[in-house]
Amino acid sequence: MTVRVLTGITTTGTPHLGNYAGAIRPAIAASRAPGVESFFFLADYHALIKADDPQRVARSRQEIAATWLACGLDPRKVTFYRQSDIVEIPQLTWLLTCVAAKGLLNRAHAYKAAVDKNVAAGEDPDAGVNAGLYMYPVLMAADILAFGAHKVPVGRDQIQHIEMARDIGQRFNHLYGEAWRQATGNTGEPLVLPEVQIDENVATLPGLDGRKMSKSYDNTIPLFAPPAELKKLVMSIVTDSRAPGEAKDTEGSALFQLYQAFATPAQAEEMRHAFADGIGWGDAKQRLFALVDEAVAPMREQYAQLIAKPAHLEDILLEGARKARDVTVPLLDGLQRAVGLGPFRAAAAGARAKKSAAARLPQIKQYREADGRFHFKLVDADGRLLLQGDGHQSPREAGEVIARLKREGLDALHEMELRAVGLLGEKIGTLGEGLAGVDEVLDALRQLAEAEA
């Protein structure tokens, strides 16, 4: 089975070494694994929630796209696209909005944090909170569900959003699954529920001051900084006061962690010995600069070429959008029809065909006997009894058995065959008089399942 993996890329800021080692490099490596179908998208709609500078948004989209391509993402082997080029994503967002519970969105971490901050400051709870922030989880759910992603790699702070995508998708399936099956002729559920993928081995690199490398701390080293700037930043990494000749600890050393992130195992071991032998901090920083510059230089050159050719970048992303829409267009067509938004002619033709076919189909009839118990029976198109259902305490219990017979008539025929004669679990009924086996029952169930599909 091919596993579909989807990765969203935030289109804000300038990528730094921590982004590369912690997210970009491992994601690109994972996209090359056999049996994986990878989708990478620029989350530019999401950028609008906090960014109100059009020039910055446009520049960031271009820079981030060029960065991933320069780092080795192969658009021929993955689907690489801009979120804003896929018109089905906002369409699906609205369909999901109409089934998403407000209480669920009230519990989203980002919205709650904004409300708590306002309350602590004595302001109105929703001061400064736009609907984009509030609806962020629904848009993210649409990003994922539109492509039937099985796995979504995220950091721990994003786990809740994947869980919310599952909740919203499950709600849609519950409300419209049967209508979708009837409209499309498919089996299963309309929306694939994603699973979160957490990589415990993803590196978190320290910044210039030893804390996590982050724009928030202003301690980053830009990924494509020119050599002179890169060297200046590396030489400013905070170290302790131990002099050359004194043994130095690798544990907790920002310099060593940065070196290790770009070194081969042999190079890392050599540097470990150098620390133990008392290498001077200046020499260690020089080695780090040389190592990082060697790794980054080819990517830096490729990045510069891509940035200089925006039309080429545009062509790559438009081709990615075409591939992406090969997935989203048929999905949204089926979902629109499932909620009642399909073309009138198709709906009328479907209704006529269904009515005509129903006239010559087997039927499942439900009724109540004098003893107060609820029964059902399966009869063929001529009214001959095929299966007499056992009595149930409530119409709901009888209805659940009927629904299962209809729903699983094609997917669980063997199990039903055993149940029909009482060989597996609870017996569901008695074969009609004159039937030598269950073949006619199973054939009737097939006809019903095909008709309802």
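Worth saying up front: this structure is predicted, and the values here are computed from it rather than measured.

Asks: Hey, could you run me through the overall build of the protein chain in this one?
Replies: Summing up its helical and strand segments, the protein chain has 17 helices and 9 strands in all. Counting every position in the protein chain, which comprises 453 residues, the buried fraction comes to 43%. Taking as baseline every contact in the protein chain between residues at least 6 positions apart, the subset at least 24 positions apart corresponds to 70%. Carbon and sulfur atoms make up 52% of the accessible area of the protein chain, which amounts to about 23800 Å² in all.

Asks: When you look at the packing of helix α7 (residues 131-145) against helix α8 (residues 159-184) in this model, what are you seeing that I'm missing?
Replies: A pair of packed helices is captured by two measures, namely the crossing angle of their axes and the spacing between those axes. At a minimum axis distance of 9 Å, the contact between α7 and α8 shows a crossing angle of 75 degrees. Relative to α8, the element α7 lies roughly perpendicular. In contact with Tyr 136, Pro 137, Val 138, Met 140, Ala 141, Ile 144 and Leu 145 of α7, α8 contributes His 161, Ile 162, Met 164, Ala 165, Ile 168 and Gly 169. Of the residues in the contact of α7 with α8, the class split is 11 nonpolar, 2 polar and no charged.

Asks: So what exactly am I meant to see when it comes to unusual backbone geometry here?
Replies: Positive phi, close to 55 degrees, is recorded for Asp 218, a residue that is not glycine. By the secondary structure assignment, Asp 218 is in the loop between β5 (195-197) and α9 (227-235). Of the residues examined, Asp 218 reaches a relative accessible area of 69% and is grouped as exposed.

Asks: What am I meant to see in the pairing of strand β1 (residues 3-10) here?
Replies: Relative to strand β2 (residues 36-43), β1 is paired through 8 bridges, and the arrangement is parallel. Considered in β2, the bridge of Arg 4 is made with Glu 37. Taken together, β1, helix α1 (residues 17-31) and β2 form a β-α-β motif whose crossover is right-handed.

Asks: Would you mind going over the packing of helix α10 (residues 254-262) against helix α11 (residues 265-276) with me for this structure?
Replies: Between α10 and α11, the shortest axis-to-axis distance is 9 Å and the interhelical angle comes to 160 degrees. Here α11 runs roughly antiparallel to α10, going by the angle between their axes. Handedness of the crossing formed by α10 with α11: right-handed. Residue-level inspection shows Leu 255, Phe 256, Tyr 259, Gln 260 and Phe 262 of α10 in contact with α11, the latter providing Gln 267, Ala 268, Met 271, Arg 272 and Phe 275. Counted by class, the contact of α10 with α11 contains 7 nonpolar, 2 polar and 1 charged residues.

Asks: Help me understand the environment of Leu 332, please; the structure alone is not making it clear to me.
Replies: Within the fold, Leu 332 resides in helix α13 (residues 310-338). Judged by relative accessible area, Leu 332 falls into the buried class, the value being 2%. When neighbours within four sequence positions are excluded, Leu 332 is seen to be in contact with Glu 88, Gln 91, Leu 92 and Leu 95.

Asks: I would appreciate a short explanation of the UniProt feature "short sequence motif: 'HIGH' region" (unreviewed entry) in the protein chain in the present structure.
Replies: With numbering aligned to this structure, UniProt lists the feature "short sequence motif: 'HIGH' region" (unreviewed entry) at residues 11-19. Measuring from the first to the last C-alpha atom of residues 11-19 gives 13 Å, for a span that is 33% helix and 0% strand.

Asks: Explain the nonpolar core to me, please; I cannot follow it from the model alone.
Replies: The tendency in soluble globular proteins is for nonpolar side chains to be buried as a group. Core analysis: the biggest nonpolar cluster contains 56 residues, and Leu 17, Trp 68 and Phe 80 have the highest contact counts within it. Elements that contribute at least two residues to this core include exactly α1, β2, α3 (54-70), α9, α10, α11, α12 (281-307) and α13. The element best represented in this core is α12, accounting for 10 residues. Excluding residues that lie within four positions of it along the chain, Phe 80 makes contacts with Ile 9, Phe 40, Leu 42, Ala 65, Trp 68, Leu 69, Leu 73, Ile 316, Leu 317, Gly 320 and Ala 321. Counting residues in hydrophobic clusters, the runner-up holds 47 residues, among them Ile 86, Leu 104, Phe 172 and Leu 335.

Asks: Which parts of the structure should I look at to understand the side chain of Glu 63?
Replies: Note on placement: Glu 63 falls in helix α3. It turns out Glu 63 is buried and unbridged, and the closest side chain with the opposite charge, Arg 59, is 4.1 Å from it. Beyond its immediate stretch of four places on either side in the chain, Glu 63 contacts Gly 13, Thr 14, Tyr 303 and Ile 307.

Asks: Even after reading the chapter, I still don't get the packing of aromatic side chains, so can you show me in this structure?
Replies: What characterises a pair of aromatic rings is the spacing of the ring centres plus the angle enclosed by the ring planes. Per the counting criterion, the structure on display carries 10 aromatic pairs. Ring centres 5.7 Å apart and planes at 20 degrees place the aromatic pair Phe 41 and Tyr 81 in the stacked group. Note that Phe 41 is positioned in strand β2 and Tyr 81 in strand β3 (residues 79-82), a separation of 40 residues in sequence. Judged by relative accessible area, Phe 41 falls into the buried class, the value being 4%. Residues Phe 256 and Phe 275 carry aromatic rings whose centres are separated by 5.5 Å and whose planes lie at 65 degrees to one another, so their mutual orientation is edge-to-face. One end of the pair, Phe 256, is in helix α10; the other, Phe 275, is in helix α11, and 19 residues separate them in sequence. For the pair shown, Phe 256 and Phe 275 are each scored as buried. An aromatic cluster is defined as three or more aromatic residues linked by ring pairs; in this entry it consists of Phe 39, Phe 41, Tyr 81 and Phe 147. One Lys or Arg, Arg 25, reaches over the ring of Phe 262 and ends 5.6 Å from the middle of that ring.

Asks: I tried to follow the pattern of salt bridges on my own but got confused; where do I start?
Replies: Side-chain pairing between opposite charges can occur once the charged atoms of the two side chains come close. Inspection of the entire model under this criterion finds 18 salt bridges. With its nearest N and O atoms 3.5 Å apart, the salt bridge here joins Arg 242 to Asp 249. Taken together, the shared-partner salt bridges in this structure form one network comprising Arg 82, Asp 85 and Glu 314.

Asks: Help me out: how do you make sense of α11 in this one?
Replies: Turn by turn, an α-helix covers 3.6 residues, leaving residues three or four places apart pointing in a common direction. With 12 residues, α11 should cover 16 Å at 1.5 Å per step; its first-to-last C-alpha distance of 17 Å lies within 8% of that length. All of the buried residues along α11 are Ala 268, Met 271, Ala 274 and Phe 275. Within α11, the buried residues cover an arc of 115 degrees as seen down the axis, which keeps them to one side. More than 90 degrees from the buried face of α11, the exposed residues found are Pro 265, Ala 266 and Glu 270. Elements that come into contact with the buried residues of α11 comprise α10 and α12. Two residues or fewer after α11 comes Gly 278, characterised by a positive phi angle close to 90 degrees.

Calculation notes
Residues numbered from 1 in each chain as written. Predicted model: local features only at pLDDT ≥ 70, side-chain atom pairs only at ≥ 80, totals over all residues. Heavy atoms only, no water. Helix = DSSP H or I, 4+ residues; strand = E, 2+ residues; numbered from the N terminus. Buried < 20%, exposed > 50% of the residue type's maximum accessible area, 1.4 Å probe, protein only. Contact = heavy atoms within 4.5 Å. Areas by Shrake-Rupley, 256 points an atom, 1.4 Å probe, with all protein chains shown as cover. Axes fitted to C-alpha atoms, helices over the stretch in contact; angles between N-to-C directions. Parallel < 35°, antiparallel > 145°, perpendicular 65-115°, else oblique. Nonpolar A, V, L, I, M, F, W, Y, C, P; charged D, E, K, R; others polar. Pairing = 2+ DSSP bridges. Right-handed = clockwise from strand over helix to strand, strands pointing away. Left-handed = near helix turned anticlockwise from the far one by under 90°. UniProt positions renumbered as here; feature names shortened; annotations may be inferred. Core = buried A, V, L, I, M, F, W, Y, C linked by side-chain atoms within 4.5 Å. Lys, Arg positive; Asp, Glu negative; His and termini not counted. Salt bridge = Lys/Arg side-chain N within 4 Å of Asp/Glu carboxyl O. Phe/Tyr/Trp six-rings, centres within 6.5 Å; stacked < 30°, edge-to-face > 60°. Lys NZ or Arg CZ within 6 Å of the ring centre and 35° of its normal. Expected span 1.5 Å × (residues − 1). Arc of directions from axis to C-beta.

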